[in-house]
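Given next are the chains, with one letter for each unit.
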Amino acid sequence: MSGQGDACVGLCLGFDTSNYTTSAAVFGCGMAGNRGKLLTVPEGALGLRQSDALFQHVKRLHLMVEQLRTDGFLGRISAVGASTRPREVDGSYMPCFLVGEGEGRALAAALGVPFYPCSHQQGHIAAAAWSAGREDLMDKPHLAWHLSGGTTELLRVEPEGHTVRAEVVGGTSDIAAGQLIDRAGVLIGLSFPAGKALDALYGEADVALDFRVKLKELTFSLSGMENQVKGLLEKGEKPANIARFAIDTIANVVVRATREAQRRWPGLPVLCSGGVASNRQLRTAMERECGAVFAKPQYSTDNALGVAILTHRALERGATG
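Here is a short report on the structure shown in this document. (Residues numbered from 1 in each chain as written. Predicted model: local features only at pLDDT ≥ 70, side-chain atom pairs only at ≥ 80, totals over all residues. Heavy atoms only, no water.)

**With respect to the side chain of T311**
(1) Moving on: Mapping T311 onto the fold places it in helix α10 (residues 305-316).
(2) Moving on: When its relative accessible area of 1% is taken as the criterion, T311 is described as buried.
(3) Moving on: One polar contact links the side chain of T311 to the main-chain carbonyl oxygen of V307, over a distance of 2.8 Å.
(4) Moving on: Leave out the neighbours within four places in its chain, and T311 touches C12, L13, A79, V80, G81 and Y116. (Helix = DSSP H or I, 4+ residues; strand = E, 2+ residues; numbered from the N terminus. Buried < 20%, exposed > 50% of the residue type's maximum accessible area, 1.4 Å probe, protein only. Polar contact = N/O pair within 3.5 Å; in protein donor to acceptor, adjacent residues only side chain to side chain. Contact = heavy atoms within 4.5 Å.)

As structure tokens, this is what we get:
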């Protein structure tokens, strides 16, 4: 994929080693490319231990870089970046990010170029804004949803230097939307992660089951939905109808929370990122009801392109590594 008119201050390499995807990306000098691979989760499991995720990243990260070179994306690297923690707040930490950070810092030192850290969430926002053709959002206040397997947060975002500062103003008080989707999918016999398969199954539903999650301020709980799904399954409900039930419920409460946020902060654009944001039903509802803009599907899921974009912005603006 080509870059979108960026100045050629240099080609930047970014790493993201999240809990479910190993990825490396380049951005700059008219190039933008990401190569990623989902981590292997045992059949029937609902996730990975951090030690297992970290081990898989160690084995795979260099393969993503090799793919970038094979596909013609690598050249002289002017800066390296990596996501070093889930969110840009005190106490945010996951061991799996140590792989990308360690290899990124080592490579930057070997090449004699700056290293720029960022958070996984900041990378999601940057990739979403760029892929939606709304890079301008990185330099103005806006609302953003980070909807993924481990996070369902409504953010109030402000520009900060070459990156952004994101304040959590709403979202779930317990399990994430992606966790509910994956658990519902596994319960009806789909493989983990179940997002794409559940989305495909939605179209086969012949009943729209109604359940309205309670919204308190901008916060809601999804843990009770898992029991609702189990109850429907025990009653013999068709899997496609259960898939639609889970997706419709999530879309409904996300739309309602977004509307309330727009009432509180009128005029702020809404940007959606994270793997759950690639769901077609959620996207349709949010575009229609809230005017939201979305990352392209390949940049909704975990990827390193946002990290590479932030690294390029830091280099372009002369930030200290």
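**Some remarks on unusual backbone geometry**
(1) Moving on: Between F192 and the following residue, P193, the backbone shows a cis peptide bond with an omega angle of -10°.
(2) Moving on: Note on placement: P193 falls in the loop between α4 (177-187) and α5 (195-202).
(3) Moving on: For C29, which is not glycine, the phi dihedral falls at a positive 55°.
(4) Moving on: You can call C29 partly exposed: its relative accessible area is 32%.
(5) Moving on: A positive phi angle is found at E217, which is not glycine, with a value near 60°.
(6) Moving on: Topologically, E217 is positioned in the loop between β9 (215-216) and β10 (219-220).
(7) Moving on: Taking relative accessible area as the criterion, E217 reaches 55% and is therefore assigned exposed.

**Re the layout of surface pockets**
(1) Moving on: Here the largest pocket defines a volume of roughly 1,200 Å³.
(2) Moving on: Around the largest pocket, the lining is made up of 45 residues, and of these Y20, G149, P193, G275 and D302 lie nearest the centre.
(3) Moving on: Of the residues assigned to the lining of the largest pocket, the class counts are 17 nonpolar, 21 polar and seven charged. (1 Å grid on protein atoms, 1.4 Å probe; cavity = no way out; pocket = protein on both sides within 12 Å on 5 of 7 lines; lining within 4 Å. Points joined across faces, edges and corners; volume = space filled by probe spheres on them. Nonpolar A, V, L, I, M, F, W, Y, C, P; charged D, E, K, R; others polar.)

**Brief notes about the nonpolar core**
(1) Moving on: Counting residues in each nonpolar core, the largest one holds 46 residues, and the members touching the most others are W145, F220, L222, V254, C272 and M286.
(2) Moving on: Sorting the residues of this core by element identifies β6 (142-147), α4, α5, α6 (223-234), α7 (239-264), β11 (270-273) and α8 (280-290) as the ones contributing at least two each.
(3) Moving on: Considering every element that reaches this core, the biggest residue donor is α7, with 13 residues.
(4) Moving on: Setting aside residues up to four positions removed in sequence, F220 forms contacts with W145, T152, G171, T172, S173, V213, K214, L215, V253, V254 and A257.
(5) Moving on: Ranked by size, the runner-up nonpolar core spans 26 residues in total, among them A25, A32, A129 and L310. (Core = buried A, V, L, I, M, F, W, Y, C linked by side-chain atoms within 4.5 Å.)

**Concerning the pairing of strand β4 (residues 77-85)**
(1) Moving on: In terms of burial, β4 is largely enclosed, as seven of its nine residues are buried.
(2) Moving on: Strand direction decides the pairing type here: strand β1 (residues 11-17) and β4, joined by five bridges, are parallel. Counterpart to L13 in the pairing with β4 is V80.
(3) Moving on: Pairing geometry for β4 and strand β5 (residues 115-119), over five bridges, is parallel. Bridge pairing in β5 links A82 to P117.
(4) Moving on: In this region the chain leaves β4, passes through helix α2 (residues 97-111) and returns to the parallel neighbour β5; the handedness of that crossover is right-handed. (Pairing = 2+ DSSP bridges. Right-handed = clockwise from strand over helix to strand, strands pointing away.)

**Structural notes on α2**
(1) Moving on: End to end, α2 covers 21 Å across 15 residues, agreeing with the expected 21 Å (1.5 Å per residue, within 8%).
(2) Moving on: Those residues of α2 that fall on the buried side of the exposure criterion are F97, V99, G100, E101, G104 and A108.
(3) Moving on: Close packing links the buried residues of α2 with β1, α1 (50-70), β4, β5 and α3 (120-131). (Expected span 1.5 Å × (residues − 1).)

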